[in-house]
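Overview (structure and organization)
Each chain, letter by letter, is given below.
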Amino acid sequence: MKQFFKVDYQDFMIIITFFLFWISIQFGEVIEDTIAYIFVLSLGIIHGANDLNILQKKKVKKNSFGQSLFVYLMIILFCMLTYAVVPFIAMLAFILLSAYHFGEQHLEKKIVSFKKLRGFVYAIYGLFIFALLFHENIEDVNNILSNLTATEISLKLVQYVLIVLSVLLLLIPVYSNYKKIPIKINYFKELLYLFVLFLVFKTGSLIFGFAVYFVFWHSIPSITDQIRFLFGKESKHSVTKYFKAAFFYWVLSIVGLVTAYYFLDTQLFNTVLFLILFAVTAPHTWVMKRMKE
């Protein structure tokens, strides 16, 4: 089990992504989106369901959990208020936070020596993933944006952003070489990963492409890190304990989403869904940062 988590998952990730790429070619959007929602509503939600347990484990003094819980809840409240007042800013904040969080999960062990610049590199990498996804699904992106924020973005803007982010990513090895900063990046593999993701984003729907990255490239590796932090090692027993601990919060989330789906109209449900994602992503990013400190 331990060997699986440390060595074989990268190979599995590529294999499963190619398989999902094949699915995106063979089946229509309805099948794709159904598969995507199953992924997101299972492992996607579960990967953030142990935040409070992580905070409790992280506490260093008796009252620190209460303080951390207060901060956690205040972040959620702030997210809700931000969306109520300025929806477009809330959407930008969601993208930036998610980008940083995705980049942190993928690169944290590869650019340890970057120190203060790590956060910038995390954000650049995550934003590149989002820009690539948006570029290949710009119409669906604008449908969501117009419903949630009454604004849209142009394909030209996304292309310019992609170019800038690509240049910044290419400058990372140049900078590390110039400053003699060691980084543990296999550039060939990283390019292969991005190419495989591009194929999925190009052939699949917006939700399908997002789900593939979110679940298999982010959530599962994050779960393994959380298991290691909470239980000390990866084993069948610790995996079982992790999912048992997350089960209540997962069921609560599913019940809430299903209830909202049946009782709200489509536009209102999309608004509520985004608000939940934003309100959960922000504190979860904070918890993961605390866990890794």
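Remember, predicted model here, so these are calculated numbers, not experimental data.

1. Description of the overall build of the chain
- Counting its regular elements, the chain contains twelve helices and zero strands.
- Ordering the α and β elements of the chain from the N terminus gives α-α-α-α-α-α-α-α-α-α-α-α.
- For the chain, the proportion of its 293 residues judged to be buried stands at 46%.
- Split by element, the accessible area of the chain, about 15900 Å² in all, is 70% carbon and sulfur.
- Distance between charge centroids for the chain: 18 Å, based on 26 positive and 17 negative side chains.

2. Focus on empty space enclosed by the protein
- By the definition in use, this model includes one cavity of 30 Å³ or more.
- Together, Phe 102, Ile 129, Phe 130, Leu 133, Phe 210 and Tyr 213 line the largest cavity.
- Residue assignment for the lining of the largest cavity shows that the elements contributing at least two residues are helix H6 (118–136) and helix H10 (206–231).
- The class makeup of the residues in the lining of the largest cavity is six nonpolar, no polar and no charged.

3. What about the environment of Glu 152?
- Looking at the element boundaries, Glu 152 is found in the loop between helix H7 (138–149) and helix H8 (155–178).
- For Glu 152, a relative accessible area of 56% corresponds to the exposed category.
- C-alpha of Glu 152 to C-alpha of Phe 216: the two residues are 64 residues apart in sequence and 29 Å apart in space.
- Leave out the neighbours within four places in its chain, and Glu 152 touches Asn 142 and Ser 146.

4. Describing the packing of aromatic side chains
- Applying the stated criterion across every chain yields a total of 16 aromatic pairs.
- Taken together, a centroid distance of 5.3 Å and an interplanar angle of 10° make the contact between Phe 210 and Phe 214 stacked. Taken together, the residues span about one helical turn, with Phe 210 and Phe 214 both in helix H10 at a distance of four residues.
- In this structure Phe 210 comes out as partly exposed when scored by relative accessible area, which is 21%.
- Given a relative accessible area of 13%, Phe 214 falls into the buried group.

5. Details of the nonpolar core
- Among the nonpolar cores identified, the biggest contains 66 residues, and Leu 20, Ile 111, Phe 134, Tyr 213, Phe 216, Trp 217 and Phe 274 are the most heavily contacted of them.
- Considering each element in turn, this core owes the most residues, eleven residues, to H6.
- For Ile 111, the contacting residues outside a window of four places in its chain are Arg 118, Val 121, Tyr 122, Ile 183 and Ile 185.
- Tyr 72, Leu 230, Val 287 and Met 291 belong to the second-largest nonpolar core, a separate cluster that totals 14 residues.

6. Brief notes about H8
- In this model H8 runs 35 Å from its N-terminal to its C-terminal C-alpha over 24 residues, within 8% of the 34 Å that 1.5 Å per residue would give.
- Along H8, the helix axis deviates most sharply at Ile 172, where the bend reaches about 30°; the proline Pro 173 sits within four residues downstream.
- Among the residues of H8, Val 158, Leu 162, Leu 165, Leu 169, Ile 172 and Ser 176 are the ones counted as buried.
- Buried residues belonging to H8 abut H6, H7 and helix H9 (187–203).
- Backbone geometry just after H8 places Lys 180 at a positive phi near 55°.

7. A few points about the packing of helix H2 (residues 29–46) against helix H11 (residues 236–263)
- Running from N to C, H2 and H11 point in directions that differ by 135°, and their axes come no closer than 9 Å. Accordingly, the angle class assigned to the pair H2 and H11 is oblique. In this structure, H2 meets H11 at a crossing whose hand is right-handed. Facing Leu 41, Ser 42, Leu 43, Ile 45 and Ile 46 of H2, the residues of H11 in contact are Tyr 242, Phe 243, Ala 246, Trp 250, Ser 253, Ile 254 and Leu 257.
- The residue makeup of the contact of H2 with H11, split by class, is ten nonpolar, two polar and no charged.

8. A closer look at the confidence of the model for the chain
- For the chain, per-residue confidence averages 83 on the pLDDT scale, and 93% of positions sit at 70 or higher.
- When pLDDT is averaged over each element of the chain, H6 comes out on top at 93 and helix H1 (residues 2–26) at the bottom at 71.
- This model gives residues 1–7 a pLDDT under 50, and the stretch forms nine contacts once residues within four places in sequence are excluded.

9. Examining the environment of Glu 293
- Checked against the element boundaries, Glu 293 lands in the segment after helix H12 (266–292).
- The exposed category is assigned to Glu 293, whose relative accessible area is 62%.

Parameters and conventions
Residues numbered from 1 in each chain as written. Predicted model: local features only at pLDDT ≥ 70, side-chain atom pairs only at ≥ 80, totals over all residues. Heavy atoms only, no water. Helix = DSSP H or I, 4+ residues; strand = E, 2+ residues; numbered from the N terminus. Buried < 20%, exposed > 50% of the residue type's maximum accessible area, 1.4 Å probe, protein only. Areas by Shrake-Rupley, 256 points an atom, 1.4 Å probe, with all protein chains shown as cover. Lys, Arg positive; Asp, Glu negative; His and termini not counted. Charge placed at Lys NZ, Arg CZ, Asp CG, Glu CD. 1 Å grid on protein atoms, 1.4 Å probe; cavity = no way out; pocket = protein on both sides within 12 Å on 5 of 7 lines; lining within 4 Å. Points joined across faces, edges and corners; volume = space filled by probe spheres on them. Nonpolar A, V, L, I, M, F, W, Y, C, P; charged D, E, K, R; others polar. Contact = heavy atoms within 4.5 Å. Phe/Tyr/Trp six-rings, centres within 6.5 Å; stacked < 30°, edge-to-face > 60°. Core = buried A, V, L, I, M, F, W, Y, C linked by side-chain atoms within 4.5 Å. Expected span 1.5 Å × (residues − 1). Bend = angle between axes of the 7 residues up to and from the residue. Axes fitted to C-alpha atoms, helices over the stretch in contact; angles between N-to-C directions. Parallel < 35°, antiparallel > 145°, perpendicular 65-115°, else oblique. Left-handed = near helix turned anticlockwise from the far one by under 90°. pLDDT = per-residue confidence, 0-100.

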